[in-house]
Amino acid sequence: MTLGRQQVYLGDDELNKLKLEYCFKTDEQPEFGVINDKLLSDIISSRIASIDYSDYEGADIVHDLGLPIAEKYYNSYDMVIDGGTLEHVFNFPVAIANCMKVLKVGGLIFLFQMANNHMGHGFYQFSPELFYRIFSNENGFSVQNMYMIEHAYPKLERKCNYKCWEVMDPAGLNERIGLVNPKPVCMMVAAKKESACDIFKTNPVQSDYQTLYDGESVGAVSAKAGKTKTALKMLLPQRCVEWYYGRRELKRFSFSNGSFYRKVNW
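Quick caveat: nothing in here was measured; it's all calculated off a predicted structure. (Residues numbered from 1 in each chain as written. Predicted model: local features only at pLDDT ≥ 70, side-chain atom pairs only at ≥ 80, totals over all residues. Heavy atoms only, no water.)

**Q** Honestly, the overall build of the protein chain in this entry has me stumped. Any pointers?
**A** For the protein chain, the helix and strand inventory stands at eight helices and 11 strands. Contacts in the protein chain between residues far apart in sequence, at least 24 positions, make up 71% of those at least 6 positions apart. Treating the 30 positive side-chain charges of the protein chain as one cloud and the 32 negative ones as another, the clouds have centres 9 Å apart. (Helix = DSSP H or I, 4+ residues; strand = E, 2+ residues; numbered from the N terminus. Contact = heavy atoms within 4.5 Å. Lys, Arg positive; Asp, Glu negative; His and termini not counted. Charge placed at Lys NZ, Arg CZ, Asp CG, Glu CD.)

**Q** Just to check I follow, could you spell out the pairing of strand β9 (residues 163–167) for this structure?
**A** Along any regular strand, the residues point their side chains to alternate faces of the sheet. Of all the five residues making up β9, four are buried; the element is thus mostly covered by neighbouring parts of the structure. The sheet contact formed by strand β8 (residues 141–150) and β9 spans four bridges and is antiparallel. Each residue of the ladder has a partner; that of Ile149, found in β9, is Cys164. Where β9 meets strand β11 (residues 261–264), four bridges bridge the pair, whose relative direction is antiparallel. Bridge pairing in β11 links Cys164 to Val264. (Buried < 20%, exposed > 50% of the residue type's maximum accessible area, 1.4 Å probe, protein only. Pairing = 2+ DSSP bridges.)

**Q** What is the right way to look at the packing of aromatic side chains in this model?
**A** Think of a pair of aromatic rings as described by two things: how far the centres are apart, and how the planes are tilted against each other in angle. What the rule picks out here adds up to 15 aromatic pairs. Between the aromatic rings of Phe255 and Tyr261, the centroid separation amounts to 4.9 Å while the plane-to-plane angle is 75 degrees, which identifies the pairing as edge-to-face. Residue Phe255 shares its accessibility class with Tyr261, and that shared class is buried. Through successive ring pairs, a cluster of aromatic residues spans Phe90, Phe92, Phe123, Tyr124, Phe126, Phe131, Phe135 and Phe141. Above the face of the Trp165 ring, Lys263 is positioned so that its terminal group lies 5.5 Å from the ring centre. (Phe/Tyr/Trp six-rings, centres within 6.5 Å; stacked < 30°, edge-to-face > 60°. Lys NZ or Arg CZ within 6 Å of the ring centre and 35° of its normal.)

**Q** What is the right way to look at the environment of Lys104 in this model?
**A** Within the secondary structure, Lys104 is located in strand β7 (residues 103–114). On a C-alpha basis, the gap between Lys104 and Ser195 in space is 8.8 Å, while along the polypeptide they are 91 residues apart. Contacts of Lys104, omitting those with residues within four sequence positions, involve Asn75, Ser76, Tyr77, Asp78 and Lys193.

**Q** Can you help me understand unusual backbone geometry in this one?
**A** Comment: phi is negative for the bulk of residues other than glycine, and the bulk of peptide bonds are trans. If you check the backbone angles, Asn117 has positive phi at about 65 degrees while not being a glycine. Even without being glycine, Phe200 reaches a positive phi, approximately 55 degrees. Tracing the backbone through its elements, the reader meets Phe200 in the loop between β10 (185–193) and α6 (207–213).

**Q** I would appreciate a short explanation of the pattern of salt bridges in the present structure.
**A** Opposite charge on two side chains allows them to pair when their charged atoms are near. Under the counting rule described, the total for this entry stands at nine salt bridges. Of the charged contacts, one joins Arg133 and Glu129 as a salt bridge, the two residues approaching to 3.0 Å between their closest N and O atoms. A residue pair is termed a helical-turn pair when its members lie 3 or 4 positions apart in one helix, as Arg133 and Glu129 do in helix α4 (residues 128–134) at four residues. The class for Arg133 is buried, based on a relative accessible area of 16%. Between Asp208 and Arg176 there is a salt bridge, and its shortest N-O distance comes to 2.5 Å. Taken together, the residues span a long stretch of sequence, with Asp208 in helix α6 and Arg176 in the loop between α5 (170–173) and β10 at a distance of 32 residues. One salt-bridge network, held together by shared partners, links Asp27, Lys38 and Asp42. (Salt bridge = Lys/Arg side-chain N within 4 Å of Asp/Glu carboxyl O.)

**Q** Can you walk me through the side chain of Thr26 in this structure?
**A** Its place among the elements puts Thr26 in the loop between α1 (12–22) and β3 (34–35). Side chain to side chain, Thr26 and Asp42 meet in a polar contact 2.6 Å long. Excluding residues that lie within four positions of it along the chain, Thr26 makes contacts with Lys19, Leu39 and Asp42. (Polar contact = N/O pair within 3.5 Å; in protein donor to acceptor, adjacent residues only side chain to side chain.)

**Q** Sorry, what's going on with the pairing of β10 here?
**A** In terms of burial, β10 is largely enclosed, as seven of its nine residues are buried. Bridge analysis of β7 against β10 gives seven bridges, and the strand direction is antiparallel. The residue bridging Phe110 from the neighbouring strand is Ala190, located in β10. Relative to β10, β8 runs antiparallel, the two sharing nine bridges. Paired with Met146 across the two strands is Val189, which belongs to β10.

**Q** What am I meant to see in the nonpolar core here?
**A** Soluble globular proteins tend to pack their nonpolar side chains together in the buried interior. Formed by 44 residues in total, the largest nonpolar core has its most connected members in Ile96, Ile109, Phe131, Phe135 and Tyr261. The set of elements that each furnish at least two residues to this core consists of β6 (77–82), α3 (92–102), β7, α4, β8, β9 and β10. Each residue touching Phe131, except ones within four places of it in the same chain, is listed here: Phe92, Leu111, Gln113, Phe126, Val143, Met146, Met187 and Val189. Within the second largest apolar cluster, seven residues are counted, among which are Phe112, Met114, Leu156 and Val264. (Core = buried A, V, L, I, M, F, W, Y, C linked by side-chain atoms within 4.5 Å.)

Here is the structure:
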């Protein structure tokens, strides 16, 4: 199932590269920016069904994803692909639950979502932590991969100088993973449905708050760091101290932080 029908933004060279790398066959020569279900079907060797709010693009299922989907569609699809729909749906929790419910156990969900510097593109920009908490064991899922892709221009289709990082799970680091950067960033998520269970039986909670609620410490500052800050306050004007720690925060919340992000080839 695809959320909406998918436009293809592949040049001939890119398509040929994908054919060699992933060993699929197709006789399609996709027109850039045009819907092409046949090519996607050839790539994944499966029939494609689409769901959309309206039938203006000829969707197979016309349904508002912000409303619960009928049970007849539960556990029906081997794969769910969102090429950029969920950020446009106001009732996001219901929409993502629909995607999870229609997937078969063992099936995969692939999401392409807006992250930093896409304000106004849709209702929302998303954080990695959101999807790590959604695709959790409690909901019968596991995250397979999560990547942040930095691109040069607001429209990702204008391909130029992509850079890609794998992003860690904040729960595993016991701290928030943030990002402050000057360029647009999107996020790609792959998750697997491991078991059938009630989706969102309990609402996801941000990991650092969950740790606090459980009575554990979060992001404790070392005694040495505390002494350094105290010494700086005594020696320097407050404005200088704030500038120093502000610069440290910017470096911490950047792609150069190897604890948060791991550079990968794109």
